[in-house]
Amino acid sequence: MGGTDKKPMYITIPGLDDGVTLKAIFTTRFGGVSSPPYDTLNLSLQRDDNRENVIENYKRLSCETGIPLEHIVLTRQVHGDEISIIDKSHCGMGLVSEYKLGNSDGLITADKNIALVTIHADCVPVYLYDPAKSVIALVHSGWRGTLLNIAAKAVKLMKDRYKCKAFDIVAGIGPHIRKCCFEVHNDVYDLFLKKFPDYDFLFEASGGKYRIDLGGVITRTLTAEGLNGCNIHDIERCTVCEKELFFSHRGGQGKTGAGAAVLMMV
Ligand SMILES: [Zn+2]
């Protein structure tokens, strides 16, 4: 297990991270200093964890990734569908400086060396990259954000504001609560069925409850927006099944820290 002497451990998102021009990572629980239930690499400042510990975790991540703290941008996430346009003036926001923007669950930028960060404990991280126009977007899409179509909205914004072409865009779907573990009652199931009637094959009845394939829904909303299915890379890892490795809201019965999705053009 991640002792305080260990380095922060993260995984890279296949299909996006090339180690040179694009960093696309997702952090694990290991290599930070936070105490249970935030052990150890909690990167959420919106929980009851000790703020100094979270900042120390960011410092360690910064050393390990080579991304300066001043280049990281955080937003206040509210399970909504607002997407913030980020430029150099926002660098360090939410971490080493105050928030300059309202709540948002998505970030988009055309600037290099800005690390977009979203915070996750089961909710789906969606990474978007257009290598032709050099634009990136990162989205926090839990079940509420998925119902609000936030990933597809980010693609729309890439097209409208930056003239990106959908077939140039590469997408990554990071670790999240997958269909194996995302069990809901019929209230949530009904919302999905109403919003996405064509995707009913992604919702499965199981013992009076339902399982929903959030990654599958998001993938289809992206292809509906024009992305080539071959350019959508789902890492196919479940945060609940791997709750020893990743922070998981359900896996920790609601008491847990959260990991970070990080996306940056170098
Ligand atoms: Zn699972």
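I will try to describe carefully the structure that is included in this document. Sequence order sets the numbering: in each chain, residues are counted from 1 along the sequence as written. Side-chain atom pairs in this predicted model are given and counted only at pLDDT of 80 or more, local residue features only at pLDDT of at least 70, and totals for whole chains, interfaces and linings cover all residues. Side-chain calculation: all heavy atoms of the structure are included, whereas hydrogens and water are not.

### Regarding the pattern of salt bridges
Close approach of charged atoms lets side chains of opposite charge pair.
(1) Moving on: Salt bridge, as used here, is a side-chain nitrogen of Lys or Arg placed within 4 Å of a carboxyl oxygen of Asp or Glu. Counted by the stated rule, this structure contains 10 salt bridges.
(2) Moving on: The salt bridge partner of Arg29 is Asp39, with a shortest N-O separation of 3.2 Å. Taken as a pair, Arg29 in the loop between β2 (22-27) and α1 (51-65) and Asp39 in the loop between β2 and α1 lie far apart in primary sequence, 10 residues in all.
(3) Moving on: Residue exposure (1.4 Å probe, protein chains only): buried if accessible area is under 20% of the type maximum, exposed if over 50%, otherwise partly exposed. Judged by relative accessible area, Arg29 falls into the buried class, the value being 14%. The helix and strand labels rest on DSSP assignments: H or I over at least four residues marks a helix, E over at least two residues marks a strand, and numbering proceeds from the N terminus.

### A short note on the packing of aromatic side chains
(1) Moving on: Ring pairs shown here join Phe, Tyr and Trp side chains whose ring centres sit within 6.5 Å, with only the six-membered ring taken for Trp; geometry is labelled stacked below 30 degrees between planes, edge-to-face above 60, and tilted in between. Enumeration according to the criterion identifies six aromatic pairs in this entry.
(2) Moving on: Both rings, one in Tyr189 and one in Phe203, keep their centres 6.4 Å apart while their planes meet at 90°; by these two values the pair is edge-to-face. Within this pair, whereas Tyr189 is found in helix α4 (residues 186-195), its partner Phe203 is found in strand β11 (residues 203-206), the two being separated by 14 residues in sequence.
(3) Moving on: On the accessibility criterion, Tyr189 (16% relative accessible area) is buried.
(4) Moving on: When the centroid spacing of 3.8 Å and the interplanar angle of 10° are considered together, the rings of Tyr189 and Tyr210 count as stacked. Residue Tyr189 is located in helix α4, and its partner Tyr210 is located in strand β12 (residues 209-212); the two are separated by 21 residues in the primary sequence.
(5) Moving on: A network of ring pairs unites the aromatic residues Tyr189, Phe192, Phe196, Tyr199, Phe203 and Tyr210 as a single cluster.

### Details of the coordination of the zinc ion
(1) Moving on: Distances up to 2.8 Å from the metal define which N, O and S atoms are donors, and 3.2 Å serves for Na, K and Ca; water is absent from the atom set, so sites may look incomplete. Every protein donor of the zinc ion is accounted for by Cys180 (SG), Cys181 (SG), Cys238 (SG) and Cys241 (SG), and the metal-donor separations fall at 2.3 to 2.4 Å.
(2) Moving on: Irregular is the default label, applied whenever a site is not tetrahedral (four donors, all angles between 85 and 135 degrees) and neither square planar nor octahedral (four or six donors, opposite donors over 155 degrees apart, all other angles between 65 and 115). Taken together, the four donor atoms coordinating the zinc ion span angles of 103 to 116° at the metal, a pattern that classifies the geometry as tetrahedral.
(3) Moving on: Read N to C, the donor residues that coordinate the zinc ion are spaced as C-C-x56-C-x2-C. Placement of Cys181 in the loop between β9 (170-173) and β10 (183-184) and of Cys241 in the loop between β13 (232-234) and β14 (259-265) is noted, with a sequence separation of 60 residues between them.

### Considerations on the sheet that holds β14
(1) Moving on: Taken together, five strands build an open sheet; the order of strands is β1-β2-β14-β6-β3 and the sheet is mixed. Edge positions in the sheet fall to β1 (10-12) and β3 (72-73), since each of these pairs with one other strand and no more.
(2) Moving on: The pairing of β3 with strand β6 (residues 115-120) spans two bridges and is parallel. Directly across from Val73, in β6, lies its bridge partner Leu116. One requirement defines pairing of two strands: DSSP has to find at least two bridges between them.

### Remarks on the pairing of strand β7 (residues 124-130)
(1) Moving on: With seven of its seven residues buried, β7 lies for the most part within the structure.
(2) Moving on: Here seven bridges tie β7 to strand β8 (residues 135-141), and the two strands are oriented antiparallel to one another. Each residue of the ladder has a partner; that of Tyr129, found in β8, is Ile136.
(3) Moving on: Pairing analysis gives four bridges linking β7 to β9, with the strands arranged antiparallel. Counterpart to Tyr127 in the pairing with β9 is Gly172.

### Let's talk about the nonpolar core
(1) Moving on: Here, nonpolar core means buried Ala, Val, Leu, Ile, Met, Phe, Trp, Tyr and Cys residues that are tied together by side-chain atoms lying within 4.5 Å of each other. Core analysis: the largest hydrophobic core is formed by 40 residues, its most contacted members being Leu128, Phe203, Leu222 and Leu227.
(2) Moving on: Elements supplying a minimum of two residues to this core: β7, β8, α3 (150-162), β9, α4, β12 and α5 (214-224).
(3) Moving on: Here this core gets six residues from one element, more than from any other, and that element is α3.
(4) Moving on: Once residues within four sequence positions are removed from consideration, Leu222 is found in contact with Val126, Leu128, Ala151, Ala152, Val155, Ala171, Leu227 and Ile232. The contact rule is simple, with two residues in contact once any of their heavy atoms fall within 4.5 Å.

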